[in-house]
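# A structural walkthrough
Here is how the chains run, residue by residue.
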Amino acid sequence: HSFRSRTKLQKATTATMAKKKKKGGGTPKTRGHDSLKARKSMGGGQTQAVDLVTGKAKVEYFFDPTLAITEAAADATKTPAKTPMKVKNNLSGAFEAEINEVLYSSRQLFYPCTVIKTLDDEKKDDTDAVPVLVKTSDGILHKISDSAKLVQLTCPEDYQGLPDVLHLPHVTEASLLHALRVRYSRDDIYTSAGPILVSVNPYKEITIKGKSLYSEDQMMTYRNASSSSTPAHAEDNLPPHLFKVADRAYSALIASGAPEIEPHIEEEDAVLSMSPHPKGRRVRDQSIIISGESGAGKTEATKIIMKYLARITKKAVIGETGSPDKSASADVTSLEDRVLSSNPLLESFGNARTLRNDNSSRFGKFIEISFNTTSGMIIGASISNYLLEKTRITTQIEGERNYHIFYQLLTGADEALLEELDLTAGVAAFRYLGNRSAQKSRRDVKGFEETKDCLSQIGLSDDDQKLILSFVAATLHLGNIEFEETGDPDGEGAGESENARITDASLPSLNKACALLGLNEDEVKEAILTKLLSVGGKTIHKPQNVAQAQDKRDALAKMAYSSLFVWLVGRINSTIAPSLDGRKRLDSVGLDEFSPGLRAPKKSDAVTKLNTGFIGVLDIYGFEQFDTNGFEQLLINYANEKLQRHFNRHLFEVEQELYTSEGVDWSYITFNDNRPCLELIEGGSGSVGLLNTLDDAWGGMGSASEKDVKFVSHLHQQFGGLASPSRKKTNGGSHGNKHKNFITPKFGNDRQFIIVHYAGEVRYTANGFVEKNVESLSNELKDLGSHSSLDLAKEIFAASAGDEGSASVSDLTMTPGRRSTIRGKSVASQFRTSLQKLVVDLELTQPHYIRCIKPNLDKSSDSFNSGEVLRQLRYAGMMETIRIRREGYALREDHESFYNRFHLLLNPEEAAEGEGISHLVKVLSERLSITDADWQIGHTKIFLRRELANKLELLALLRVHAAARTLGRFGRFVAERRASTLLTAWGRLRLHMLRIHRERKAATTIQAAFLMVKQREQYRSMQISAIKMQSFQRRNAAIKLVETMRDPYSDMTFAELKALYEEEAARLDEAAENNDFKTAADIEANIAPLKEAMEAKRPLTRTLLESMIRETQAKLDDALAQKAYDECGPLQKKLNELSKKRADLPTVAELKEAVRKAEKNVADAAARRDFAAAASGQAAIDAAKKRLEAALEAEGLLPDDIVDEDEEAKKECEETSPYASRNDLETDISSLQKEVEEAISFKKFKDASELQKKVDELELLREKYPTVAEIEVKLSSMKADMDSAIQNKDFAKAEAIHGDIDVLEEKLKIEKERTAEVPDQTGTCSGCSQAASAVDENGETIQFTSRSELEKKIGESSADLGKMIAAKDFKKATAVQGFVDQLESLRPLLPTVSEMKKTLMERRKKMNTAISKKDFAKAGEIQ
C-alpha cells in the first residue's frame, strides 16, 4: 500500500516538471539525469551542496533498493523467457512480500545518493525508463532501473533531521526514516510525530555536556519550561524527550482539576471529546502507553518516566504559608522512594535475559500513580501485573536465562547464606538454570544488593527476606529432583508405563526444598508420585509414571515461584497504596496471577475524589517472534494487538468519527486495521475465536499432546478453510471459511499454525497449549501450601489461590452453563478478562503514546538497521498517524471559548458588522487569506490545524501588545505633564541644595583645619614621648652592660656558679700538685670573687635563714645594749620579716619527715590495696624528695646522708624492737584494737585516733615478724632454689642459700616455740566454734578451733595473694584479699595466751574497783 502511494506521488511530480518545461518552450530531454537536474528548482531557495571536484551543485535523492538492478535481473533482461509470464491482477501477495523483503534487508535503504552517470547500455527500447549509476552516502555504487522514480531531497529540513517530523515539507517513508537516521547518528534518540513520541533505543549511555540525558538538571529544565507563563509554549522549544511526554500528562492532570484556569485550545483526545466525564468526576486521568517490540527500551522508558514524576512532585510540596513543608516533604519523599523501589524489585523477579533483550519484561504491568491535583503531590500508587511467564521457570532456550533473581542470589549472596540455602554448588548445579556454567557478573551482584534494599523499603524484616530467598532456592532444589521407574509390573497401567519413584541421589534436594518451604517431605513426595481419584465416594491413590511425576514437580515449582511473585506485588501495593484521611486502601479481593485485586480502585471507590487523579504508565511485553513460538507468545502478541487496536481507535477511528459527528468536511484516511486479527483471537462478528476454541479443546478423552493436535486441527478447519479429516471427500463437501489473518502452513500443520499480526506473520507451535491454558494443579499440590509450618509461607501460597475456581467470563457466542460445568477458569480467559479491564480503564483516560523502536537486532550501539526500523514504523502505522495529524485538525475548542479568546482580533467596525463565531471565522479567513481546509466550524466545536492555531495565538498576543503600546502612549503623555511640574520643583530644590552644599563645604573646611592642628600637636607629643622612652631604654642597656663588665658573673645562676667554682677548685688542686704556683695564684685570685658571687646567689634555705635571724637578733641586742633605739626599729622589722619566712622554708629534718610520711602513706595504701591512693602518694613522695634535694644542694649536703641516716634509724629500730615473735606483736595489736573500740564507744575520738596510730605502727612491724606458715613457705622456696643451684653446679650460690636457710630454720624454731603457747580451743563452746569460721574465695566454709590454725591459713593465703599479684591476676587477687581480711577479723575470737592473761588482769582490776566502790552487782557480773 505504501509502495503504491509513493509511486503515485512520483508520477505526479514527473508530470508537474514536464509542464514546466513545456512552458519554457523546450522539449523534455530523454537523458534521465538532465531531467533530474531540472528539478533543483524545487528546493525553494535552499542552500545546495557543492561537489568539491566539479564545483557544481550536488542534487541528492533517496536511494530505493527496489529500483536497484541486480546481476540476476540484468541477465534475465538479456535472455527472453521461453513462454510469456501470466500477470496476476492482484499484486498484494507474493510480489508485495518480495518488495518488502528487499526493503527490509537493504543496508542502504533510503540513504542519500547522487547520480554519477546514465547507463545507456542498460536502457530498454520499449520503455521510457532511464537507468543511472548512483553512489550512496557511504560510497557504494548502485545501478538504478529508472531515475524518474527516485525521490529528491528538496529542502534543508530533509538534511537536518527535524525534532518533529510533522514539520517536514514532504513526509514520505524515505524522509521519515532518514530523519530518524540523522537524529540517531547524533544521539538524538527522541523524535516527535505531533503528540506521539518515537524513541529509538541507543543501547548506550547518552550524555549532554558531560551530564546524563536523564539528569536532574534536565528534569527541571522541562518542568520549568512547562511551568512558565510564556504564552508562546516555551516547552515546544525544547527537544523531544520522555520528560516532555511525562510533563504533558502531569500538567494535563493538574490542569483538569483546576476549573478556575481559563479555557485553552488543547490537543484533546477524540474519545474524551465525544464522551462526557462521569458524574462527580472533574479530574481527567492520564495514561502513558509505551509500546514496541521486545528490546526496544520500554522498561527503561517506564523507569525514566516514574523518576521524572517522582522528582517534579518534590517541588510541589509547599506548605500553606508558601514555604516548603518539611514534614510533608519527608513523607512524600518516603512514598516516592517506595514507588521507585518497586521497579528494580519487580525486574529482579519478573525480568530475564532473552535473545533480543538483556532485561526483557516477562510480565506486563500497569502502574497507576495517584496525585492530589490541588497540591500536585503523589499520594500513592498501585501496580497491576499480567501473565507471568511460568514456563521460563523450568525451561529456557539456548542463549537465554531464567529470571534475574536466581543469578543474583547465586552471585551476590554471602557464603553463609549460600551454605544455609545449600546453593554453594553454583549455577551449573541446577537443572532449572540449564546446568550451564556462568561467570559471576557484577551486574548480578549489584542487582542483589539493590533487591535487598528494595525488600527493606517495602517493610520486610531480615527474617522475611530470608524466607523469600528460601522460596527462590527451593524452586531450584525442586528442579534437581529426578525420577526413575520402579519396575512394578503389577501396578495399575502395567504394560503401558512404569511407576515412578524419586532417585536416592536427588533425595537431598527434596529434603532441602521441603525444609525451605516448611512442607512435610512425605506429603510432598506423595503429592508428586501419586494422584488422588474419587470413584464412587472412595479415594484412590493412582501412581504416576516418570513423565507425569516430572510434570507435577514442575507444576509445584511454578506454583511456588508464581505465588511468591503475586505476593510481592500485593505487598508492594499495600505499602504504596493511595491513602485518604490517614487510612490506606486495602484490597479485599483475592489474588491471582493477573492480580485483579491489585488493580487500582474502581471509579466509584473513595480514592477517586474530585481532587485526585492518576497517571497510568503501561509497560507490557513487546511483540515477540522466535524460531519456536508457544502459548506465552500467543498471549503476549494478543495483548499487543489489543493495544494496537486502542491506538488505532484513538488516532484514526474515533478521530474521524468526531469529524463526521461535528459535520466537518473530511476525506476518510485508510489505515492498517487490526480488528480482524483480534476477532480471530478473541472472537467476534459471528466468529468463535481462537481462545474459545482452545478452551473447548480440554474436554474429551486423550492425552494433552493429542488434545493439542485436535486443537490445531479445529483451527485449520475453522479459519484455514480445510475440510474435516473425518468427513469423506465428496464434490459437495463443505470447507471452513478462510480467515485472511490465518495461514495454514504447508508443512507441520498438525501442530503449527500462522497468524498474520499487525507486526508480521508468526508461526506458532502448539506444544502444551491445552495443558498450559488449563494449568490444572492437582488438589494435593494445591493443598500443600496450606500445610506449611511457616506462617509467611502459608500467606505466600495463598496469594495465587485466592481466585482459584471462580467462574470465567464467557464469550457471548458460547453457552454459559456449558463453560461453568465443563471446565474451570482458564489462563486465556483470565488474561482476556484482565486485558479487557485494562482497555476499559485506558478508554477513560487521556492517552499519551510512546513508540519504542529497536534500531537493530544485535543490541549494538551506533548501528541503525534501516530495514528493521522501517518494518517497525510500518507495523506501528506511523505514516498513517503522521498523515492524519498533518491533514486532520488536531486542535479543537468550544465555540464560546474560542470566541472569547480571539474576538479581540476584530476592529470596532468589523465587530459591529456581526457577531458570533461564524462572523469571526469569516473576517479572519479574509484577513489571513486562509481557506476552510485550515479550520472548520463544527456543531459544538471549532477545529483548527496546529499551524493556524499558533498563528492565531501569535496574532492575539501581538494585538495585546498593540493595545499595551496605545496605553503606553497615553501614559507617556500624562507622565510628561507630570514631569514638567516635577522639573520646576526639582530646579528650585536644586538651587536650595546648592546653597546648603556651599555652607556644608565651608564648615567642613574649617573643621578640617581644626582637626589638622589638633592632630599635629598630638603627633609632636607622641614623638617627644617616644624619644624619651628610647633614651631611657638605651640608659638601662648601658647600665646593664657596665654591670656585666664590672661583675662578669651577674648573668649566671647559682648552679652554674657552683659548677664553675668546683671546676676552678679542681684546677687549683691540679696546679698545686704540679707545683705550677703561678697558675695556682691566678686561679686563687679568680676563685675569691667567684665564691663571693656564688654565695650572693645561693638560694635561701632554712639554715641560712636561721643564721640571718641570729645575726639580726645579735645586732638588735647590741643596739638595745648601746641604747641606739633609732636602729632598733629597722632591725626589729627585718627580724619579723625573716621570722615569717620560716613557714616557707622548712628544715632538712622537716623535709625528711615529710618524705617519711609520704612513704608511710604509700605503704598504707598498698597494704589496703588502694592503688589509686598509692599512685597519688608516690607523686607526693617525688615532690618531697625534690624539695629535700634542693635544700640539701643549697646547704651543701648530699642525699646519701639521708639514706645512711634512714638505714641507721631502721637498724636501730630493729635492734631496739620490743617483740620477740609474731605472736607477741599480734597480742599487742589485738589489745590496742579493743582499746580503740572502747574509746569510740565512749566517744573519745582523740584517744581513739592516738591508739589507731599505734595500731598502724604495730601493723607495719608485721613484715619484720613473719608467721610460721610464711617462714615455712619461704624456707621451701629457698630449698628449691638451693637444689636447683646444686643441679647447675653453682655451689657458691648453693652455699649462700644454705646459710640463709639455717637462719630461717632458727627463726622458725623460735616462732614455733612461741606459737606453742597458744592454747588449743578444741574443747571450747559450740558458740565460739561457730563464730570462728570464714568463707573462702571458692564459697567453702572453713572452721578454726585454734589460733595456730588461723595464723597458718593467713600465711598461706597471703603467699597465694603475692603470687596472684605477681601474675597480674587482679580479679582473683581481690577475692583472696577479701578472704585474708575476713581471717584477720577472726583473731579476736581466738586469742593467744598472753591476750587472755591480759584480759583476765583487766577484768580482775575492774572487779576490784567495783568492790572498792561497793558496787557488788557489777562485781558479780564481772566475776
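What you see is a predicted model; the values in this text were computed from it and never measured.

A few words on the confidence of the model for the chain. Should pLDDT be low for a region, the predicted coordinates there are not to be read in detail. Of the residues in the chain, 79% reach a pLDDT of 70 or more, and the chain-wide mean stands at 77. Note that pLDDT drops below 50 for residues 580-608; the model gives that stretch 86 contacts with residues more than four away or on any other chain. The low-confidence segment residues 1318-1330 (pLDDT under 50) makes 20 contacts with residues lying over four places distant or belonging to another chain.

What follows deals with the packing of helix H35 (residues 1054-1073) against helix H36 (residues 1077-1096). Two elements in contact, H35 and H36, have axes separated by 9 Å at closest approach and are oriented at 160°. When the axis of H35 is compared with that of H36, the two are roughly antiparallel. For H35 against H36, the interelement crossing comes out left-handed. Mapping the contact onto sequence places Phe1054, Leu1057, Lys1058, Leu1060, Tyr1061, Glu1064, Ala1065, Arg1067, Leu1068 and Ala1071 in H35 and Thr1079, Ala1080, Ile1083, Glu1084, Ile1087, Leu1090, Lys1091, Ala1093 and Met1094 in H36.

This part takes up the packing of aromatic side chains. Scanning all chains against the criterion turns up 20 aromatic pairs. Summarising the aromatic geometry, the rings of Tyr638 and Phe831 are spaced 6.1 Å apart at their centres and angled 65° between planes, so their arrangement reads as edge-to-face. Of this pair, Tyr638 sits in helix H20 (residues 631-661) while Phe831 sits in helix H28 (residues 827-843); the two residues are 193 residues apart in sequence, bridging distant segments of the chain. Phe831 carries the same exposure label as Tyr638, and that label is buried. By way of ring pairs, the aromatic residues Phe631, Phe711, Phe719, Phe742, Phe753, Tyr764 and Phe769 are connected into one cluster. When the ring centre of Tyr407 is taken as origin, the NZ or CZ atom of Arg401, which lies over that ring, is 4.0 Å away. The aromatic ring of Phe647 is capped on one face by Arg851, whose charged end is 4.0 Å from the ring centroid.

For strand S9 (residues 196-200), the tally of buried residues reaches five of five residues, placing the bulk of the element in the interior. Going residue by residue along S9, you find Ile196, Val198 and Val200 tucked away on one face and Leu197 and Ser199 tucked away on the opposite face as well. As judged from the four bridges shared by strand S8 (residues 190-193) and S9, these two strands associate in the antiparallel manner. The residue bridging Thr191 from the neighbouring strand is Val198, located in S9. Count of turn residues in the S8/S9 antiparallel hairpin: two residues, of which Gly194 carries a positive phi of about 75°.

What follows is about the sheet that holds strand S12 (residues 286-292). Pairing in this open sheet of seven strands is mixed, and the strands run S8-S9-S27-S12-S23-S15-S16 from one edge to the other. Of all strands in the sheet, those bounded by a partner on one side alone are S8 and strand S16 (377-386). Direction aside, neighbouring strands of the sheet carry axes that sit 20° apart on average. With nine bridges connecting them, strand S15 (residues 364-372) and S16 associate as antiparallel partners. Across the sheet, Phe366 pairs through a bridge with Ser384, a residue of S16. This element, H20, spans S9, S12, strand S23 (612-619) and strand S27 (846-853) of the sheet and lies at about 125° to S27.

The rules behind the values
Residues numbered from 1 in each chain as written. Predicted model: local features only at pLDDT ≥ 70, side-chain atom pairs only at ≥ 80, totals over all residues. Heavy atoms only, no water. pLDDT = per-residue confidence, 0-100. Contact = heavy atoms within 4.5 Å. Axes fitted to C-alpha atoms, helices over the stretch in contact; angles between N-to-C directions. Helix = DSSP H or I, 4+ residues; strand = E, 2+ residues; numbered from the N terminus. Parallel < 35°, antiparallel > 145°, perpendicular 65-115°, else oblique. Left-handed = near helix turned anticlockwise from the far one by under 90°. Phe/Tyr/Trp six-rings, centres within 6.5 Å; stacked < 30°, edge-to-face > 60°. Buried < 20%, exposed > 50% of the residue type's maximum accessible area, 1.4 Å probe, protein only. Lys NZ or Arg CZ within 6 Å of the ring centre and 35° of its normal. Pairing = 2+ DSSP bridges.

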